[in-house]
Amino acid sequence: MGKVGITDTILRDAHQSQAATRMRTSEMLPMAAELNAAGYWSLEMWGGATFDSCLRFLNEDPWERLRQLRAAMPNTKMQMLLRGQNILGYKHYADDVVDLFVKKAIENGIDVVRIFDALNDTRNMKQAMLATKKYGGHCEATISYTTSPVHTREYFVKLAKDLVEIGTDTICIKDMANLLLPYEAYELVKEIKKAVDVPIHMHTHNKSGIGDMMYLKAIEAGAEIVDCALSPLANGTAQPTTESLVATLHGTQYDTGLDITELNHIAQHFKGVAQRLKDDGFLKPGVLGVDIKTLIYQIPGGMYSNLLSQLEKQGSSDKLDEVLKEVPRVREDFGFPPLVTPTSQIVGTQAVFNVLAGERYKMVTNESKGLLRGEYGMLPAPVNEDVRKKCIGDDAVITHRPADDIPPELDKYRDEIKEYMEQEEDVLSYALFPQVAVKFFEFRRAQKYGVDANMLDSENMIHPV
């Protein structure tokens, strides 16, 4: 095995995981030339929650961020995270919206499109995968890793084969909850490498403290690329540290070819950005510590803090342990979905309701009902039919691809925002986040015609549910 490639997440997942996605484009551009020259396999710098955050909180056009970073980093692959048929939103969109979004992302500068589905339902990934290939992008289909009686090595190997059959260029093993233990990673990568002939790209966080060890074993098993974050925003809820892994592999057969002195120079800039995020209250010390509850309850760090916040609002913080024990029970009732957006929110909120109501499934969220009706896709295991009956009664359960029920939407969206349209990309911003995008379009217009932009406080924009 030769050189290991590094994808740095400093411009996307690192600040999304630690600091509510509040890094500004103006804080990225000063280091763009150095990042471009560093020798990374790719830079993850778009997608995930950055699109929403740009519009909602930073008064930035996410498309403009993409164009500016592309111009400043012409020699490094630029990577984004896409939620399959959900694109970057929280529901399924029509195929015409998915197709145009992928086309415009690639046109504006994205090279690598990492595509995942919360349920590992390949039907929800296929349209985005085919569009990525059609428009000349590098398709990186994703296995969302989790643990359950049905999520065996055989399950993941079959999933890898299915994704290769659709046409993926690389496979990402996405360990979003930091549950993949080092020796299991070794065996899993070995099995997948035997079954398929595409590079394996590892992704994890470090909240349970095992991320670095997992990467090392995965690399020894043949993984070619890993996600890391530069030290000022690494570890805890973010990715393992770039510089540490570069130093570890230096001089070995896995040498990354990156220069730790140069990385240290780049990190000094982001140290200042991290300090600003801390001063503004977005980067809290709690995100950095190790929390073994991740391994015990199989709950991602962000989901844990979200549960605590929901309970605090209800004055029921003392119920946290009950809720943590209820989460795996709800997950089993719902067919063992992996806990990642949006299923982590659905399962977590339902667990809170079950505990606070004093009766399981007395109160049921619309999202829980949708999951049990098949509206999010195929659940990995059979659901508890008694629970389904209690939650949705005799409602029909769909077994086809949910997006098959969505007619083309682009013309409707174009018509709704024709007064605001300044670029074709605007229709996509509106499709994903209608209220937030309109607020941004109004801000952009006000800025253009000389209204003081500071009078418009983006932190108080209308937020969609």
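Details of the structure are given in the entry above.
## With respect to the overall build of the chain
(1) Moving on: Each helix and strand in the chain was counted, giving 21 helices and eight strands.
(2) Moving on: Expected size for 465 residues packed as a compact globule is a radius of gyration near 23 Å; at 22 Å, the chain falls within 12% of this value.
(3) Moving on: The C-alpha extent of the chain, read off along each of the three principal axes, is 60 × 60 × 45 Å.
(4) Moving on: The buried share of the chain, taken over its 465 residues, is 59%.
(5) Moving on: For the chain, the computed accessible surface area is about 18,400 Å², with 51% contributed by carbon and sulfur atoms.
(6) Moving on: Averaging the locations of the 52 positively and 66 negatively charged side chains of the chain gives two centres separated by 2 Å.

## What to know about the sheet that holds strand β5 (residues 138-144)
(1) Moving on: The strand order β1-β2-β3-β4-β5-β6-β7-β8 describes a closed barrel built from eight strands, whose pairing is parallel. The mean inter-strand angle of the sheet, taken between neighbouring strand axes irrespective of direction, is 30 degrees.
(2) Moving on: The pairing of strand β1 (residues 5-8) with strand β2 (residues 42-47) spans two bridges and is parallel. Bridged to Thr7 within β2 is Ser42.

## What to know about the packing of helix α10 (residues 211-221) against helix α11 (residues 242-249)
(1) Moving on: It is the contact of α10 with α11, at a shortest axis distance of 11 Å, that shows an interaxial angle of 45 degrees. For the element pair α10 / α11, the angle class is oblique. As for the relative orientation of α10 and α11, their crossing is right-handed in sense. Contacts between α10 and α11 involve Tyr215, Leu216 and Ile219 from the former and Leu245, Thr248 and Leu249 from the latter.

## Section: the side chain of Glu425
(1) Moving on: Considering the arrangement of structural elements, one finds Glu425 in the loop between α19 (410-416) and α20 (426-432).
(2) Moving on: Residue Glu425 is classed as buried on the basis of its relative accessible area, which comes to 7%.
(3) Moving on: Leave out the neighbours within four places in its chain, and Glu425 touches Trp63, Arg67, Lys104 and Asn108.

## Details of the nonpolar core
(1) Moving on: One finds Leu35, Trp46, Leu82, Phe101, Met202 and Phe270 to be the most contacted residues of the largest nonpolar core, which totals 105 residues.
(2) Moving on: The biggest single contributor to this core is helix α6 (residues 95-107), with seven residues.
(3) Moving on: In this view, Met202 contacts Ile173, Leu180, Val189, Met214, Tyr215, Ala218, Ala223, Ile225, Val226 and Asp227; residues no more than four positions away in its chain are not counted.
(4) Moving on: Listed in part, the 29 residues of the second largest apolar core include Leu324, Val327, Leu339 and Val347.

## Some words on the packing of aromatic side chains
(1) Moving on: Counted under the stated rule, the structure contains 15 aromatic pairs.
(2) Moving on: When the centroid spacing of 5.9 Å and the interplanar angle of 20 degrees are considered together, the rings of Trp46 and Phe101 count as stacked. Note that Trp46 is positioned in strand β2 and Phe101 in helix α6, a separation of 55 residues in sequence. The residues Trp46 and Phe101 share a single accessibility class, namely buried.
(3) Moving on: A centroid spacing of 6.3 Å and a plane angle of 35 degrees characterise the contact between Phe440 and Phe443, whose relative ring orientation is tilted. Note that Phe440 and Phe443 are positioned in helix α21 (residues 434-448) at a spacing of three residues, about one turn of the helix.

## Regarding a nonpolar patch on the surface
(1) Moving on: Judged by side-chain polarity, Val290, Ile292 and Ile296 come together as a nonpolar surface patch covering roughly 300 Å² of accessible area.
(2) Moving on: Examined against the element boundaries, Ile292 turns out to sit in the loop between α12 (260-279) and α13 (293-297).

## Some details on the environment of Asn124
(1) Moving on: As for its position among the elements, Asn124 is in the loop between β4 (112-115) and α7 (126-134).
(2) Moving on: Each C-alpha atom of the pair Asn124 and Gly377 lies 7.2 Å from the other, and the pair is 253 residues apart in sequence.
(3) Moving on: Residues within four places of Asn124 in sequence aside, it is in contact with Gly84, Gln85, His92, Asp117, Tyr376, Gly377, Arg401 and Pro402.

## Some details on the side chain of Ser344
(1) Moving on: Note that Ser344 resides in helix α16 (residues 343-357).
(2) Moving on: Judged by its relative accessible area of 9%, Ser344 falls in the buried class.
(3) Moving on: Here the side chain of Ser344 touches Gln345 through a polar contact of 2.8 Å, side chain to side chain.
(4) Moving on: If we skip the residues at most four places from it in the chain, Ser344 touches Met303 and Leu339.

## Brief notes about the environment of Ala234
(1) Moving on: Locating Ala234 in the fold gives a position in the loop between β8 (225-228) and α11.
(2) Moving on: The spatial distance from the C-alpha of Ala234 to the C-alpha of Ser17 is 9.4 Å, given a sequence separation of 217 residues.

## Section: the environment of Met129
(1) Moving on: For Met129, the location among the structural elements is in helix α7.
(2) Moving on: Under the relative-accessibility criterion, Met129 is labelled buried at 1%.
(3) Moving on: In this structure the C-alpha to C-alpha distance between Met129 and Thr349, which are 220 residues apart in sequence, comes to 31 Å.
(4) Moving on: Excluding anything up to four places from it in sequence, Met129 contacts Ile115, Cys139, Ala141, Leu163, Ile166, Gly167 and Thr168.

## So, the pattern of salt bridges
(1) Moving on: The full count for this structure, using the stated rule, is 41 salt bridges.
(2) Moving on: Of the charged contacts, one joins Asp111 and Arg70 as a salt bridge, the two residues approaching to 2.6 Å between their closest N and O atoms. With Asp111 in the loop between α6 and β4 and Arg70 in helix α5 (residues 62-72), this pair connects stretches of sequence that are 41 residues apart.
(3) Moving on: Since its relative accessible area comes to 17%, Arg70 is described here as buried.
(4) Moving on: Salt bridges sharing partners connect three or more residues here, namely Glu64, Arg67, Lys103, Lys104, Glu107, Asp411, Arg414, Glu424 and Glu425.

Rules of the game
- All residue numbers refer to positions counted from 1 along the written sequence of the respective chain.
- A pLDDT threshold of at least 70 governs which residues receive local features in this predicted model, and a stricter bar of 80 or more applies before side-chain atom pairs are shown or counted, although totals over entire chains, interfaces and linings include all residues.
- Side-chain metrics in this entry use all non-hydrogen atoms of the structure; hydrogen atoms and water are not considered.
- Only runs of H or I of at least four residues qualify as helices and only runs of E of at least two qualify as strands under DSSP, and these elements are numbered from the N terminus.
- Here the radius of gyration uses the C-alpha set of atoms, whereas the globule reference equals 2.2 Å times the residue count to the power 0.38.
- Relative accessibility under 20% of the residue-type maximum defines a buried residue, over 50% an exposed one, and the middle range a partly exposed one, all with a 1.4 Å probe and only protein chains included.
- Using the Shrake-Rupley algorithm and a 1.4 Å probe, accessible areas are obtained, with residue cover drawn only from the displayed protein chains.
- Counted as positive: Lys and Arg. Counted as negative: Asp and Glu. His and the chain ends are not counted at all.
- Here the site of a charge means atom NZ of a Lys, CZ of an Arg, CG of an Asp or CD of a Glu.
- Pairing between strands is defined by DSSP: at least two bridges between them are needed.
- Axes, fitted as lines to C-alpha atoms, cover a helix only where it is in contact. Angles between the N-to-C directions of the axes lie from 0 to 180 degrees.
- Should an angle lie under 35 degrees it is considered roughly parallel, over 145 roughly antiparallel, and from 65 to 115 roughly perpendicular; all remaining angles are considered oblique.
- Take the far helix as your reference; a near helix turned counterclockwise from it by less than a right angle gives a left-handed crossing, and one turned clockwise gives a right-handed crossing.
- Throughout, a contact is declared for two residues whenever any of their heavy atoms are within 4.5 Å.
- Nonpolar cores are built from buried Ala, Val, Leu, Ile, Met, Phe, Trp, Tyr and Cys residues. Side-chain atoms within 4.5 Å join them into one set.
- Here a Phe, Tyr or Trp ring, Trp counted by its six-membered ring, pairs with any other such ring whose centre lies within 6.5 Å, and the pair is stacked when the planes are under 30 degrees apart, edge-to-face when over 60, and tilted otherwise.
- Patch membership is restricted to residues that have no salt bridge and whose relative accessible area is over 30%. Joining uses 9 Å for like charges and 5 Å for the nonpolar side chains Val, Leu, Ile, Met, Phe, Trp and Tyr.
- We define a salt bridge as a contact between a side-chain nitrogen of Lys or Arg and a carboxyl oxygen of Asp or Glu at a distance within 4 Å.
- Under the rule applied, a polar contact is a pair of N or O atoms within 3.5 Å (in protein, one hydrogen donor and one hydrogen acceptor; residues adjacent in sequence only if both atoms are side-chain atoms).

By themselves these figures say nothing about function.
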